[in-house]
Amino acid sequence: MTHTESDVAALRAHVDELFPAVQADLEALVRIPSVSASAFDPAHVETSAKAVATLLRDAGMPEVQILRSERPDGEPGAPAVVARRPAPEGAPTVLLYAHHDVQPPGDPATWDTEPFEPVQRGERLFGRGAADDKAGVMAHVGALRALAALGEEPGVGVTVFVEGEEEAGSPSFSRFLADHHELLAADVIVVADSTNWKVGVPALTTSLRGLVDGVVSVDVLDHAVHSGMFGGPVLDANLLLARLLATLHDDAGNVAVEGLTSAAEPDVDYAEADFRADSSVLDGVELAGEGTIAGRMWTKPAVAVIGVDATDVAHASNTLAPRAAAKLSVRIPPGLAPQAAEDALQAHLTAHAPFGARVTWTPGEQGKAFGAPDDSEAMRAARSAFAAAWGTDPVDIGVGGSIPFIADLLEAFPEAAVLVTGVEDPDSRAHGANESVHLGELRKVLVAEALLLRGLAAR
Ligand SMILES: [Zn+2]
């Protein structure tokens, strides 16, 4: 569907009119420190669920519930908000996803302002959750308000699903999907938890890497022995672990594990200068790997050592360490199954056991990668809505990180088209200090989402 200029202008005018209220509601959400990590007070997550339920009720959703499911460990999951408006006869249903929980603020000294006190500077609103993902919540609420302000009922069924434990790894998510399958069933799923390409250029996230992690340990001695008496003919476990880890990449920094395959190079690239600035890599440090930088981040595998168990320096003594271990985190591209990746990694580690040391792999987490189809009716509707809202065509991007629940959604609703959208831009610093949302972009997101609902109704 193409959106006429006057339709878009009318919608934009309504969004401008209601935007101060949207911003005030976003600020009120940011003031609730709804950190879902287990060390934080879960009462705040309950408060934010209630606040989101009220917003959805006020946006005209007739049916609003706060629901939860059990986690695998038997504890209750965090509260999710589900709001529904049934589809008109013959029309599709659209599920609008966001999450109301946030990451811990980290060290407050690294913030320029209080994490849970929203502050506007220029066009940006700062605060934990201002972007990830309370702006996603307000994108859905604001789009519904904008249509209501025009006296329009969305011509589709709408289910808004606002999760409360995404930043804690969505432990009860798959159970939640099973418990409430009928309630959540949809033809199109809009996941507003990703990023745009840059301020002024919208994007659809069409690929997300999956994840495999686990611990590799190296055993070489039965017990620690004197490094002077026995050192020489046998290398200590710390050295052997270092040698083993060094085999994971070639000299150029490409992943050198056979079977950790790559997907196709993306259409857009990331400028090296931008990568250097955004990643904070130090001057003089050379980048690792070959091919485009975007490809290295989105469609190639990446292996990182995220923890090491070795004798710490303070406790060092003149002994040969019998054992050392490292936790590996492997990002895998679309098209590579997590188990296949893990099998390849384990085979590589075993085959490269240095000096015949005992190498043991202990599996950790697995998460599937996501690759959108090149084209679908829903993708076309989204692209035309984005183009109209921004005045420029959206680009397809990948994200190097994973959104593991997307795999759960696809497993529960294999027929649904999943559109991964978002309100962030590269300077949003989600999860970091000084997180912020660009308010001009948020306005465009509201316009785009309202247009998308219209477009999906017309298909
Ligand atoms: Zn998020």
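Residues numbered from 1 in each chain as written. Predicted model: local features only at pLDDT ≥ 70, side-chain atom pairs only at ≥ 80, totals over all residues. Heavy atoms only, no water.

**Describing the overall build of the chain**
Right, on to step 1. Each helix and strand in the chain was counted, giving 13 helices and 18 strands.
Right, on to step 2. Compactness check: the chain gives a C-alpha radius of gyration of 24 Å against a globular reference of 23 Å for 459 residues, within 12% of the reference.
Right, on to step 3. When the backbone C-alpha atoms are referred to their principal axes, the chain occupies close to 85 × 45 × 45 Å.
Right, on to step 4. Here the analysis covers contacts within the chain between residues at least 6 apart in sequence; of these, 80% occur between residues at least 24 apart.
Right, on to step 5. For the chain, the computed accessible surface area is about 20,000 Å², with 52% contributed by carbon and sulfur atoms.
Right, on to step 6. When the 32 basic and 67 acidic side-chain charges of the chain are each reduced to a single mean position, those positions are 2 Å apart. (Helix = DSSP H or I, 4+ residues; strand = E, 2+ residues; numbered from the N terminus. Rg over C-alpha atoms; globule rule 2.2 N^0.38 Å. Contact = heavy atoms within 4.5 Å. Areas by Shrake-Rupley, 256 points an atom, 1.4 Å probe, with all protein chains shown as cover. Lys, Arg positive; Asp, Glu negative; His and termini not counted. Charge placed at Lys NZ, Arg CZ, Asp CG, Glu CD.)

**A word on unusual backbone geometry**
Excluding glycine, residues mostly have negative phi values, and the peptide bonds linking residues are mostly trans.
Right, on to step 1. The residue after D132, namely D133, is reached through a cis peptide bond having omega 5°.
Right, on to step 2. Even without a glycine there, the phi angle at S280 is positive, about 65°.
Right, on to step 3. The topology assignment puts S280 in the loop between α8 (272–279) and α9 (293–298).
Right, on to step 4. For S280, a relative accessible area of 54% corresponds to the exposed category.
Right, on to step 5. Unlike most non-glycine residues, N434 shows phi in positive territory, near 60°. (Buried < 20%, exposed > 50% of the residue type's maximum accessible area, 1.4 Å probe, protein only.)

**Side note on the nonpolar core**
Right, on to step 1. Of all hydrophobic cores here, the largest spans 89 residues; its most connected members are L56, V160, F161, I189, I406, L409 and V437.
Right, on to step 2. Broken down by element, the residue count for this core peaks at 11 residues, all from helix α13 (residues 439–457).
Right, on to step 3. Excluding its chain neighbours within four sequence positions, the residues that come into contact with L409 are L95, F173, L177, I189 and V191.
Right, on to step 4. Counting 26 residues, the second largest nonpolar core, distinct from the first, contains L244, V303, A324 and A341. (Core = buried A, V, L, I, M, F, W, Y, C linked by side-chain atoms within 4.5 Å.)

**Remarks on the sheet that holds strand β14 (residues 358–367)**
Right, on to step 1. Taken together, four strands build an open sheet; the order of strands is β11-β13-β9-β14 and the sheet is antiparallel. Every other strand in the sheet has two partners, leaving β11 (302–309) and β14 as the edge strands with one partner each. Across the sheet, the mean angle separating the axes of adjacent strands is 20° when strand polarity is ignored.
Right, on to step 2. Sheet topology places β11 next to strand β13 (residues 323–332); seven bridges connect them, and they run antiparallel. Residue pairing across strands places G307 opposite K327, the latter belonging to β13.
Right, on to step 3. Contacts between helix α7 (residues 237–246) and the sheet are confined to β9 (210–219), β11, β13 and β14, with β13 contributing the most and set at about 20° to the helix. (Pairing = 2+ DSSP bridges. Axes fitted to C-alpha atoms, helices over the stretch in contact; angles between N-to-C directions.)

**Quick look at the packing of aromatic side chains**
Right, on to step 1. Going through the model one piece at a time under the given rule, you end up with nine aromatic pairs.
Right, on to step 2. Aromatic pair F161 and F173: ring centres 5.8 Å apart, planes at 20°, arrangement stacked. Here F161 is found in strand β6 (residues 157–163), whereas its partner F173 is found in helix α4 (residues 173–179), with 12 residues between them in sequence. The same class applies to F161 and to F173, which are both buried.
Right, on to step 3. Where W197 meets Y270, the ring centres are 6.2 Å apart and the plane angle is 75°; that geometry is what we call edge-to-face. Linking W197 in the loop between β7 (188–195) and β8 (203–208) with Y270 in the loop between α7 and α8, this pair joins segments that are 73 residues apart in sequence. As far as the burial class goes, W197 and Y270 line up, both buried. (Phe/Tyr/Trp six-rings, centres within 6.5 Å; stacked < 30°, edge-to-face > 60°.)

**What to know about the side chain of S172**
Right, on to step 1. Relative to the helices and strands, S172 is located in the loop between β6 and α4.
Right, on to step 2. Every residue in contact with S172, bar those within four places of it in the chain, is listed here: S69, E70, R71, G77, A78 and E165.

**Notes on the coordination of the zinc ion**
Right, on to step 1. Listed as protein donors to the zinc ion are H99 (NE2), D132 (OD), D193 (OD) and D193 (OD); their distances from the metal cover 1.9 to 2.7 Å.
Right, on to step 2. Because the angles between the four donor atoms bound to the zinc ion fall within 51 to 147°, the donor set is best described as irregular.
Right, on to step 3. Along the chain, the residues donating to the zinc ion fall in the pattern H-x32-D-x60-D. A residue pair is termed long-range when its members are at least 10 positions apart, and D132 in the loop between β5 (124–126) and α3 (134–149) and D193 in strand β7 qualify at 61 residues.
Right, on to step 4. Residue classification places D132 among the buried positions, given a relative accessible area of 5%.
Right, on to step 5. Residue classification places D193 among the buried positions, given a relative accessible area of 10%. (Donors = N, O, S within 2.8 Å, 3.2 Å for Na, K, Ca; no water. Tetrahedral: all angles 85-135°; square planar, octahedral: opposite > 155°, others 65-115°.)

**Some thoughts on the pattern of salt bridges**
Right, on to step 1. Scanning the model with the defined rule gives 20 salt bridges in all.
Right, on to step 2. A salt bridge links R84 to E63, with the shortest nitrogen-to-oxygen separation between them at 3.4 Å. In this pair, R84 sits in strand β2 (residues 80–85) while E63 sits in strand β1 (residues 63–67), placing the two residues 21 residues apart along the sequence.
Right, on to step 3. Classification of R84 as partly exposed rests on a relative accessible area of 24%. (Salt bridge = Lys/Arg side-chain N within 4 Å of Asp/Glu carboxyl O.)

**Concerning the environment of V216**
Right, on to step 1. Mapping V216 onto the fold places it in strand β9.
Right, on to step 2. Along the sequence, V216 and L328 sit 112 residues apart, while their C-alpha atoms lie 7.3 Å from each other.
Right, on to step 3. Setting aside residues up to four positions removed in sequence, V216 forms contacts with L241, L244, L245, A324, A325, A326, L328, L349, V359, T360 and W361.

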